[in-house]
Amino acid sequence: QVQVVESGGGLVQPGSSLRLSCVVSSRTFSTSAMGWFRQAPGKEREFVAANNFNGASAQYRDSVKGRFTISRDNNKNTVYLQMNNLKAEDTAVYFCAGRGPLKMNWSLDSGDYDYWGQGTQVTVSS
C-alpha cells in the first residue's frame, strides 16, 4: 500500500558523487524513521545510514562516515542519501526502507523496517 520510488543510481567513476532519492507515498512519513541499506553481489544486505523522523539524529556505518549524508524533507515525503567520494567498494544495489507510523527512531536492523523500495544500482568503476 505504501509506494516507494527510488532514483539517482548510476555508473560513476571513483571520487564522484551521487544523490539517491526515495519518495514515499505515506501520510505518516513524518513520524517514521528512514534508512538506506545496500547489497553487493554475493554479499549480505548491510546497513548504510538511517535518520529519525525529523532528521535530527542519524547513524552511519563506519565505512561511509564522512562521505555519505542522509537527510529528509518531510514536506516532500522524501529521504536522500548524498554519496560523495565514492569508492569501488560502494558498488551495490541501494535500498530505501521505512519504518511504520510512530516508529521514530533509527535502527541498524533491517527487520525493524516495514516497507522497502525496489533498489537502485550504484556502480563505481574506472
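Right above here is the structure, for reference.
Here's a quick rundown of the structure. Since this is a predicted model, take the numbers as computed values, not measurements.

Description of the environment of R99
Then, in step 1: Its place among the elements puts R99 in the loop between strand 9 (92–98) and strand 10 (115–116).
Then, in step 2: Classification of R99 as buried rests on a relative accessible area of 14%.
Then, in step 3: Sequence separation between R99 and N51 is 48 residues, and the spatial gap between their C-alpha atoms is 11 Å.
Then, in step 4: When sequence neighbours within four positions are dropped, the list of residues in contact with R99 reads S32, A33, N105, S107, D112, Y113, D114 and Y115.
Then, in step 5: At a separation of 2.7 Å, a polar atom in the side chain of R99 contacts the main-chain carbonyl oxygen of N105.
Then, in step 6: Of note is the side chain of R99, whose polar atom sits 3.0 Å from the backbone oxygen of D112.

As for the sheet that holds strand 3 (residues 18–24)
Then, in step 1: Reading across the sheet, the four strands line up as 1-3-8-7 and stay open at both edges, with antiparallel pairing between neighbours. Unpaired on one side and paired on the other, strand 1 (4–7) and strand 7 (68–73) mark the two borders of the sheet. When the angles between neighbouring strand axes are averaged without regard to direction, this sheet yields 15°.
Then, in step 2: For strand 7 and strand 8 (residues 78–83), the ladder comprises six bridges, and the chain directions are antiparallel. Bridge pairing in strand 8 links D73 to T78.

Section: the packing of aromatic side chains
Then, in step 1: In the structure shown here, the tally under the stated rule is four aromatic pairs.
Then, in step 2: Here the aromatic rings of F37 and F47 are separated by 5.6 Å at their centres, their planes lie at 75°, and the arrangement is edge-to-face. Remark: F47 occurs in strand 5 (residues 46–51) and F37 occurs in strand 4 (residues 34–39); sequence separation between them is ten residues. In terms of burial, F37 and F47 fall into one category: buried.
Then, in step 3: Ring centres 5.1 Å apart and planes at 50° place the aromatic pair F37 and W116 in the tilted group. Taken as a pair, F37 in strand 4 and W116 in strand 10 lie far apart in primary sequence, 79 residues in all.
Then, in step 4: The class of F37 is buried, set by a relative accessible area of 1%.
Then, in step 5: Aromatic ring contacts, followed pair by pair, group F37, F47, Y113 and W116 into a single cluster.
Then, in step 6: We note R45 situated over the ring of W116; from NZ or CZ to the ring centre the distance is 4.5 Å.

Side note on the side chain of T120
Then, in step 1: Summarising the element assignment, T120 is placed in strand 11 (residues 120–124).
Then, in step 2: For T120, a relative accessible area of 10% translates into the label buried.
Then, in step 3: Engagement of the side chain of T120 in a polar contact is seen with the backbone nitrogen of G9, the distance being 3.2 Å.
Then, in step 4: In this structure T120 touches E6, S7, G8, G9, L20, A92, V93 and Y94, once residues within four positions along its chain are discounted.

Parameters and conventions
- Residues numbered from 1 in each chain as written.
- Predicted model: local features only at pLDDT ≥ 70, side-chain atom pairs only at ≥ 80, totals over all residues.
- Heavy atoms only, no water.
- Helix = DSSP H or I, 4+ residues; strand = E, 2+ residues; numbered from the N terminus.
- Buried < 20%, exposed > 50% of the residue type's maximum accessible area, 1.4 Å probe, protein only.
- Contact = heavy atoms within 4.5 Å.
- Polar contact = N/O pair within 3.5 Å; in protein donor to acceptor, adjacent residues only side chain to side chain.
- Pairing = 2+ DSSP bridges.
- Axes fitted to C-alpha atoms, helices over the stretch in contact; angles between N-to-C directions.
- Phe/Tyr/Trp six-rings, centres within 6.5 Å; stacked < 30°, edge-to-face > 60°.
- Lys NZ or Arg CZ within 6 Å of the ring centre and 35° of its normal.

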